[in-house]
Amino acid sequence: MTTQNSYQSNLYQPEGFRLGTAENTEGVSNLAALERAMASGRILESVVLMCDKNFTLTLDLGGIRGIIRRDQCAYLPEGEPLKDIAVISRVGKPVCFKVIGFEKDDNGRPLAVLSRRAAQSDCMYNFLMKLTAGDIVPARVTHLEPFGAFVDIGCGVVSLMSIDCISVSRISHTRDRFAPGMNIRAVIKTIDYETGRIFTTHKELLGTWEENVEMFNIGQTVTGIVRSIEEYGVFVELAANLAGLAERREGLEIGQGVAVFIKNIIPDRMKVKLVLIDNYHGECAPRPMEYFIPADCLRIDSWRYSPEDSGKVIESSFT
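Here the structure is a predicted model, which is why all the values come from computation and not from measurement.

Each value, and the rule that gives it
Residues numbered from 1 in each chain as written. Predicted model: local features only at pLDDT ≥ 70, side-chain atom pairs only at ≥ 80, totals over all residues. Heavy atoms only, no water. 1 Å grid on protein atoms, 1.4 Å probe; cavity = no way out; pocket = protein on both sides within 12 Å on 5 of 7 lines; lining within 4 Å. Points joined across faces, edges and corners; volume = space filled by probe spheres on them. Helix = DSSP H or I, 4+ residues; strand = E, 2+ residues; numbered from the N terminus. Nonpolar A, V, L, I, M, F, W, Y, C, P; charged D, E, K, R; others polar. Pairing = 2+ DSSP bridges. Patch = residues over 30% accessible without salt bridge, like charges linked within 9 Å, V, L, I, M, F, W, Y side chains within 5 Å. Areas by Shrake-Rupley, 256 points an atom, 1.4 Å probe, with all protein chains shown as cover. Salt bridge = Lys/Arg side-chain N within 4 Å of Asp/Glu carboxyl O. Lys, Arg positive; Asp, Glu negative; His and termini not counted. Charge placed at Lys NZ, Arg CZ, Asp CG, Glu CD. Buried < 20%, exposed > 50% of the residue type's maximum accessible area, 1.4 Å probe, protein only. Contact = heavy atoms within 4.5 Å. Polar contact = N/O pair within 3.5 Å; in protein donor to acceptor, adjacent residues only side chain to side chain. Arc of directions from axis to C-beta.

Leftover empty space is mapped by rolling, across the atoms, a probe with the size of a water molecule. Within this model, the largest pocket holds a volume of roughly 1300 Å³. Forming the boundary of the largest pocket are 37 residues, of which Thr142, Phe150, Gly156, Val157 and Val158 lie nearest the centre. Looking at the lining of the largest pocket, the elements with two or more residues in it are α4 (84-88), α5 (116-126), β6 (136-145), β7 (148-152), β8 (158-162) and β10 (198-201). The element that contributes the greatest number of residues to the lining of the largest pocket is β6, accounting for 4 residues. Across the lining of the largest pocket, the residue classes tally to 19 nonpolar, 9 polar and 9 charged. The space that makes up the second largest pocket amounts to roughly 430 Å³. Listed by contribution, the elements that provide at least two residues to the lining of the second largest pocket are β13 (242-246) and β15 (271-283). In terms of residue count, β13 provides more of the lining of the second largest pocket than any other element does, 4 residues in total.

Take a look at the structure:
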């Protein structure tokens, strides 16, 4: 990623990232500050308090009421309708916006007219559409489905991250790895520059097989999570990008926590052989997710999960 895009990523962060910052707090502190924000085209952020029957959102901006009318609630590709639920679901959540005007309310008090759509359009054309596959951006998980996670990659602009892109470890649902509101990093996978649709990936940030397996040793007994039950054995997740195989045992369920003995580690086959020692009742929290790239790394061109001498190759290329 270029230095310019690095700078722009700070301007177009996911919604919620600005809240509590000195710059944002000053920007919504009074009428004069809002007027300055309008003149400069600055993007600000606040929490939606209410949505009325006309689908107009109301925000409190330092004692001044701000409104986002329905047609200014979101930027959408041409021809795509805005769903009512997309407006209603903003209540109680932070939204970004630009100040586009001022009016008077029924009592003669100043009313700031805001546009989330304008902020998102700015983000799309001045940041997201200038990215390329392999660029790494901050993201916030907004919604989970069995097939993938929707993540905010700037000003509420959402990207789909399919379940197979989340981690190498087999997971049955995106909630096995993420939770709504979770802050993560994402890699741009593909961009359709005509429609504006962006797809992201995540597994490339969670380390290679060798990096993950270095955290474990033969002879250790560790905790894991049952991720898949097959006729030939049980896959147990040891880390976000690493699973081992144990012999099948009756009574196990997907998502269940287990204690396993590491019997063998075979790099050329990418195998970790496990022996089940014990299992726990109910689901188990996964091992804390760890990124294996520096925080200041803004781009990857390629990634190979497999060891060099492995017969099976798992890799990604972004060039």
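So much for the structure itself; the text now carries on.
Across 5 bridges, strand β11 (residues 221-230) lies against strand β14 (residues 256-266) in antiparallel orientation. Following the sheet pairing, Val222 is matched in β14 by Val260. Here 5 bridges tie β11 to strand β12 (residues 233-239), and the two strands are oriented antiparallel to one another. Across the sheet, residue Ser228 finds its bridge partner in β12, namely Phe235. The antiparallel hairpin formed by β11 and β12 contains 2 residues in its connecting segment.

Take a positive patch on the surface next. Together, Lys263, Arg269, Lys271, Lys273 and Lys312 give the surface a local cluster of positive charge. Residue placement: Arg269 occurs in the loop between β14 and β15.

With that settled, the discussion passes to α5. Looking only at α5, the buried set comprises Arg116, Ala119, Gln120, Asp122, Cys123 and Met124. Looking at the packing, one finds that the buried side of α5 touches β3 (64-68), β4 (94-104) and β5 (110-115). Between a side-chain oxygen at the N-terminus of α5 and the backbone nitrogen of Arg117 the separation is 3.5 Å; the capping residue is Ser115.

Every buried residue of helix α3 (residues 31-40) is accounted for by Ala33, Leu34 and Ala37. In an axial view of α3, the angular spread of the buried residues amounts to 100 degrees, which keeps them on one side of the axis. Summarising the contacts, the buried residues of α3 are in contact with α2 (22-27), β1 (44-51), β2 (57-61), β3, β4 and β5. The residue sitting at the N-terminus of α3 and contributing the capping side-chain oxygen is Asn30; that oxygen lies 3.2 Å from the backbone nitrogen of Ala32.

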